[in-house]
Amino acid sequence: MKHISILVPDEAVLGTIADTRYMFTTLNEFLEADGKSPMFRVQLVGLGGEVRLNQGLFSIHPDVLIGDVSRTDLIVIPPLSGNLKATLERNKAFLPWIIDHYHQGAEVASLCIGSFMLAATGLLNGRECSSHWASAAEFRAMFPEVDLIDGRIITEEQGLYSSGGATSYWNLLLHLVEKMTDRELAIRIAKLFALEIDRKTQSPFVMFNGQKKHEDEPIKKAQEFIECNLTERISVDDLASRFAIGRRHFDRRFKKATNNTPAEYIQRVKIEAAKKWLENSHKNVNEVMYEVGYNDTKSFRTVFKKITGLSPIDYRNKYNKEAVVA
């Protein structure tokens, strides 16, 4: 029997704890209905006998404390909330426990921004990781030695798993189910929970909001210039000259401040604006393309799909209800 340890940290997101428990206990019910023995022993694991969440609105009583777990096969870290640095400090007693069990052979899965706790163990240093797209800048600032992969729904490396943002954790849970059982059971679970199996990317959901939590004022002004001149064809050389910074030095400073090269930033800003037009207007794809400063259809479509994972037409059909009706 596989032992599943679902952590219950202070400031955890309640729904993900309940959903994870529900998925694995439902698997046991499927197996028993098929005349087989249950495969999973599922326990909620905490630092104390009661964990109060959402400012005391809810409370969870873990099945066991960390000191009571001698061995486990899978540790699941739920998303955290609030001030993440403060939350990690309050939950730091989990970290050596996670490290110890990983070295004993347990696998570890972080859901959404549970990645911050997994990264805080140091186990992800030099390795790849997924997390919520909205927390990417903060994650990179706190854990520069971890290779955060933008857009990816599931990352798996040497028994360490992580998922993309929000409900992407369901896809990681399905992935774990398939690994620990088989494809047939994973499909049954996906159908029961009405989940899209094998979803690979969170790119269509990303809302780009340029990273401005830095102190490099000329770079902030360059960002603002890009954002205020969507219809213009902006070159990086022109930007560097406008703000009186040598080209190579400008590239380095821009990348350091924003986590994007200037060229990437220009593309991201223009495509984010194009997404808004496609979501909320009656403009066709070519009209939107001109609104954001592109005049080559193939180039626009290539960049749009690279960033969002969808063609402009598919994106419009997915998010613009009036366009679909029309």
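Residues numbered from 1 in each chain as written. Predicted model: local features only at pLDDT ≥ 70, side-chain atom pairs only at ≥ 80, totals over all residues. Heavy atoms only, no water.

## Some points on the overall build of the protein
Of the regular secondary structure elements, the protein holds 15 helices and eleven strands. Counting only C-alpha atoms and orienting by the principal axes, one finds that the protein spans roughly 65 × 45 × 35 Å. The burial tally for the protein puts 49% of its 326 residues in the buried class. Taking all contacts inside the protein whose residues are at least 6 apart in sequence as the whole, residues at least 24 apart take part in 62%. Total accessible area computed for the protein in this model is approximately 16,200 Å², and 49% of it derives from carbon and sulfur atoms. Positive and negative side-chain charges of the protein, numbering 42 and 42 respectively, have mean locations separated by a distance of 4 Å. (Helix = DSSP H or I, 4+ residues; strand = E, 2+ residues; numbered from the N terminus. Buried < 20%, exposed > 50% of the residue type's maximum accessible area, 1.4 Å probe, protein only. Contact = heavy atoms within 4.5 Å. Areas by Shrake-Rupley, 256 points an atom, 1.4 Å probe, with all protein chains shown as cover. Lys, Arg positive; Asp, Glu negative; His and termini not counted. Charge placed at Lys NZ, Arg CZ, Asp CG, Glu CD.)

## With respect to the nonpolar core
Core analysis: the biggest nonpolar cluster contains 34 residues, and I4, M23, F24 and L74 have the highest contact counts within it. Elements with a contribution of two residues or more to this core: strand 1 (2–7), helix 1 (14–33), strand 2 (40–46), strand 3 (51–53), strand 6 (74–77), helix 6 (169–180) and helix 7 (183–192). Sorting elements by how many residues they give to this core places helix 6 first, with eight residues. Leaving out residues up to four positions away in the same chain, M23 has contacts with W170, L173, L174, V177, I189, F193 and L195. Formed by 32 residues, the second largest nonpolar core is a distinct cluster that contains I66, L80, L123 and C129. (Core = buried A, V, L, I, M, F, W, Y, C linked by side-chain atoms within 4.5 Å.)

## Some points on the packing of aromatic side chains
Considering all chains together, one arrives at 14 aromatic pairs under this definition. Look at Y169 and W170: their rings are 5.5 Å apart centre to centre, the planes differ by 25°, and that puts the pair in the stacked class. Judged by centre distance (5.7 Å) and plane angle (50°), the rings of F250 and F254 are tilted. Taken as a pair, F250 and F254 lie in helix 10 (residues 247–258) at a separation of four residues, close to a single helical turn. Each member of the pair, F250 as well as F254, is classed as buried. For R188, the ring lying beneath its charged end belongs to F30, and the centroid distance is 4.4 Å. (Phe/Tyr/Trp six-rings, centres within 6.5 Å; stacked < 30°, edge-to-face > 60°. Lys NZ or Arg CZ within 6 Å of the ring centre and 35° of its normal.)

## Re the packing of helix 8 (residues 217–228) against helix 10
Between helix 8 and helix 10, the shortest axis-to-axis distance is 10 Å and the interhelical angle comes to 85°. By the angle class used here, helix 8 and helix 10 are roughly perpendicular. Residues P218, I219, A222, Q223 and I226 of helix 8 form the contact with helix 10, whose participating residues are F250, R253, F254, A257 and T258. Of the residues that constitute the contact of helix 8 with helix 10, the class distribution is seven nonpolar, two polar and one charged. (Axes fitted to C-alpha atoms, helices over the stretch in contact; angles between N-to-C directions. Parallel < 35°, antiparallel > 145°, perpendicular 65-115°, else oblique. Nonpolar A, V, L, I, M, F, W, Y, C, P; charged D, E, K, R; others polar.)

## Side note on helix 7
Within the span of helix 7, buried status applies to L185, A186, I189 and A190. All buried residues of helix 7 lie within an arc of 140° about the axis, which places them on one face of the element. Exposed positions of helix 7 whose direction lies more than 90 degrees from the buried face are E184 and K191. In this structure, the buried side of helix 7 is in contact with helix 1 and helix 6. N-capping of helix 7 is provided by D182, with a side-chain oxygen placed 3.2 Å from the backbone N of E184. Immediately downstream of helix 7, the backbone of A194 shows phi near 55°, a positive value. (Arc of directions from axis to C-beta. Polar contact = N/O pair within 3.5 Å; in protein donor to acceptor, adjacent residues only side chain to side chain.)

## Considerations on helix 10
Compared with the 16 Å implied by 1.5 Å per residue over twelve residues, the 16 Å span of helix 10 between its first and last C-alpha is a close match. Within helix 10 the residues assigned to the buried category are F250, F254, A257 and T258. Along the axis of helix 10, the buried positions cluster into a sector of 75°, meaning they face one direction only. In helix 10, the exposed residues that point more than 90 degrees away from the buried face are R248 and K256. Buried residues in helix 10 make contact with helix 8, helix 9 (236–242) and helix 11 (262–280). Following helix 10 by one or two positions, N259 has its phi on the positive side, about 70°. (Expected span 1.5 Å × (residues − 1).)

## Quick notes on unusual backbone geometry
The backbone phi angle of N54 is positive, close to 55°, even though this residue is not glycine. Take N54: it is sitting in the loop between strand 3 and strand 4 (58–60). The class for N54 is partly exposed, based on a relative accessible area of 43%. Backbone geometry at C112 places phi at a positive 50°, although glycine is not the residue there. If you trace the backbone, C112 turns up in the loop between strand 7 (107–110) and helix 4 (115–120).

## What to know about the sheet that holds strand 2
With mixed pairing, the seven strands of this open sheet are ordered in space as 5-2-1-6-7-11-10. Two strands bound the open sheet, and with one partner strand each, they are strand 5 (64–65) and strand 10 (154–157). (Pairing = 2+ DSSP bridges.)

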